[in-house]
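# Coordinate inspection notes
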Amino acid sequence: MKHLLKMADLSKEEIESILDLADQLKYEKKNHIPHPLLAGKTLGMIFQKSSTRTRVSFEVGMYQLGGHALFLSSNDLQIGRGEPVQDTARVLSRYLDGIMIRTFAQKEVEDLAAYGSIPVINGLTDYAHPCQVLADLLTIREKYAALEGLKLCYIGDGNNMANSLIVGCLTMGMKVAVATPKDYQPDPAVLEEAKGNPNFLLTDSPMEAVKDADVVYTDTWASMGQEKEKEERMKAFAGFQVNEELLKAAKPGAIVQHCLPAYRGQEITEEVFEAHADELFDEAENRLHVQKAVLVKLLGDQQ
Ligand code: CP
Ligand code: NVA
């Protein structure tokens, strides 16, 4: 594993190995056992979009690993004034040990990896959010002990989260049922890859998708960069809310996951959010532990 650009970059064994290391690092952190596995290493974090969890968890994670993280806003970098990503990649490769980037186009992340000579981590694009899905898998595995055979349903927009969950969960032998409005389906290439898999279902019926689900997942109806479409999206997604009634059709005791930020009263009700707050904030916390594992795998000397 040289980079983490999308979930398809990872095999089942690689995902398991990241989750196992995340468990170990989480245990060590909770028990105040230092783990300076990246002493002297630096990570540049390029942000072309807002972030709370990704920024803070990567920055804190590098510190806990004995390294250093630099927050690089695209407003301040020359990339924001038109310096090509190809040149940025080659310059940053001379200073840093790794780059995390949050941007719009997946191609920009792929170009950064192709032109640079250091590991690149996708911290969210319009197409993918692999760091979030690794944290989700860690959280689900903590709750259920094993992933294989569990059913995850995703209700809402066929966005970066849907794309990455489909690939990640199917890779781990989970069943995935996705319910989106017809005009908001996941990426065609992801669907093409998933369609022959007997563990995959795509529907426009949330009730069909949620049936017997162990995990009910949703995300915002209007992702970063889609602010202008908000009004039409509110109408299109009206029947795609995770609420008490929908949850009744899931398996009793099903957990609820959301990458956050959540918009109560839209994709999830206040009632469901608060009833499942522990699961949702465990999921957010796990961003830290799983990303530390990814950083050690990509930037570390030993792994
Ligand atoms: N889930 C997630 O990536 O959150 P941020 O946008 O706050 O980083
Ligand atoms: N789909 C959301 C995820 C935010 C973490 C977005 O891209 O804005």
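A brief structural summary. Worth saying up front: this structure is predicted, and the values here are computed from it rather than measured. (Residues numbered from 1 in each chain as written. Chains lettered and ligands numbered in written order. Predicted model: local features only at pLDDT ≥ 70, side-chain atom pairs only at ≥ 80, totals over all residues. Heavy atoms only, no water.)

## Focus: the side chain of threonine 220
Cut-off, in case you're wondering: Secondary structure follows DSSP: runs of H or I at least 4 residues long count as helices, runs of E at least 2 residues long count as strands, and numbering of each begins at the N terminus. Using a 1.4 Å probe on the protein chains alone, a residue whose accessible area is under 20% of its type maximum counts as buried, one over 50% counts as exposed, and one in between counts as partly exposed. Throughout this description, a polar contact denotes any pair of N or O atoms lying within 3.5 Å of each other; where both atoms belong to protein, one of them has to be capable of donating a hydrogen while the other can accept it, and for residues adjacent in sequence the pair is counted only when both atoms sit in side chains. The contact rule is simple, with two residues in contact once any of their heavy atoms fall within 4.5 Å.
Summarising the element assignment, threonine 220 is placed in the loop between strand S8 (215–218) and helix H9 (230–236). With relative accessibility at 9%, the residue threonine 220 sits in the buried group. From its side chain, threonine 220 meets the backbone nitrogen of alanine 222 in a polar contact 3.2 Å long. With near-sequence residues (within four places) excluded, threonine 220 lies in contact with Asp157, Asn159, His258, Tyr263 and Glu267.

## Quick word on the nonpolar core
We count it as follows: In this text, buried Ala, Val, Leu, Ile, Met, Phe, Trp, Tyr and Cys residues form a nonpolar core when linked through side-chain atoms within 4.5 Å.
Ranked by internal contacts, the top residues of the largest apolar core, which has 55 residues, are Ile121, Leu134, Leu137, Leu152, Met174 and Leu295. Counting residues in each nonpolar core, the second largest holds 25 residues, with Val210, Val216, Ala250 and Val272 among its members.

## Brief notes about the packing of helix H2 (residues 53–64) against helix H12 (residues 277–299)
How we decide: Axes here mean lines fitted to C-alpha atoms, for a helix over just the part in contact, with angles spanning 0 to 180 degrees between N-to-C directions. The scheme is simple: roughly parallel for angles under 35 degrees, roughly antiparallel for over 145, roughly perpendicular for 65 to 115, oblique for anything else. Working rule for handedness: look at the near helix, and if it is turned counterclockwise from the far one by less than a right angle, call the crossing left-handed; if clockwise, right-handed.
Relative to each other, H2 and H12 sit at 55 degrees, their axes nearing to 9 Å. Relative to H12, the element H2 is oriented oblique. H12 is crossed by H2, and the crossing has right-handed handedness. Residues Arg53, Thr54, Ser57, Phe58, Val60, Gly61, Met62 and Gln64 of H2 touch H12, and the partners they reach there are Ala284, Arg287, Leu288, Gln291, Lys292, Leu295 and Leu299.

## Quick notes on the environment of serine 164
When you line up the elements, serine 164 lands in helix H6 (residues 160–171). Between the C-alpha atom of serine 164 and that of alanine 128, which follows or precedes it by 36 residues, the distance is 5.5 Å. Contacts of serine 164, omitting those with residues within four sequence positions, involve Met7, Tyr127, Ala128, His129, Pro130 and Val133. At a separation of 2.9 Å, a polar atom in the side chain of serine 164 contacts the main-chain amide nitrogen of histidine 129.

## Topic: the pairing of strand S9 (residues 255–258)
For a regular strand, side-chain orientation follows a simple rule: the groups alternate between the two sheet faces. Keep this limit in mind: The pairing criterion is simple: DSSP has to find at least two bridges between the two strands.
Covered by surrounding structure in S9 are Ile255 and Gln257 together with Val256 and His258, the residues of both alternating faces. Inspection of the sheet shows S8 paired to S9 by four bridges, in the parallel sense. Directly across from tyrosine 217, in S9, lies its bridge partner glutamine 257.

## A closer look at the sheet that holds strand S2 (residues 68–73)
Read from one edge to the other, the open sheet built from four strands follows the order S2-S1-S3-S4, with strand pairing classed as parallel. Strands with a single pairing partner mark the edges of an open sheet, and in this sheet they are S2 and strand S4 (120–122). In this sheet, neighbouring strand axes are inclined to one another by 20 degrees on average, regardless of whether the strands run parallel or antiparallel. Pairing of strand S3 (residues 98–102) with S4 involves three bridges; the strand directions are parallel. Following the sheet pairing, isoleucine 99 is matched in S4 by valine 120. Its contacts with the sheet put helix H4 (residues 106–115) on strand S1 (42–47), S3 and S4, and the angle it makes with S4 is roughly 165 degrees.

## Describing the site of ligand 1
Note the threshold: Consider each residue's heavy atoms; a residue with any of them within 4 Å of a molecule or strand counts as near. Throughout, the Shrake-Rupley method with a 1.4 Å probe supplies accessible areas, and for residues the shown protein chains are the sole cover considered. Residues are grouped as follows: Ala, Val, Leu, Ile, Met, Phe, Trp, Tyr, Cys and Pro are nonpolar; Asp, Glu, Lys and Arg are charged; all remaining types, including Gly, are polar.
Around ligand 1, a shell composed of Ser51, Thr52, Arg53, Thr54, Arg102, His129, Gln132, Cys259, Leu260 and Arg287 is seen. At 2.9 Å, a backbone N or O of cysteine 259 approaches a nitrogen atom of ligand 1. Within the contact set of ligand 1, a nitrogen atom lies 3.0 Å away from a backbone nitrogen or oxygen of leucine 260. Isolated, ligand 1 exposes 260 Å² of accessible area, and the fraction of that covered by the protein chains is 95%. Counted by class, the shell around ligand 1 contains two nonpolar, five polar and three charged residues.

## Some words on the side chain of aspartate 157
Within the element layout of this structure, aspartate 157 appears in the loop between strand S5 (151–155) and H6. Of note is the side chain of aspartate 157, whose polar atom sits 3.0 Å from the side chain of arginine 233. Those residues in contact with aspartate 157 that sit more than four places away from it in its chain are Ala162, Thr180, Tyr184, Thr220, Trp221, Ser223, Gln226, Arg233 and Phe237.

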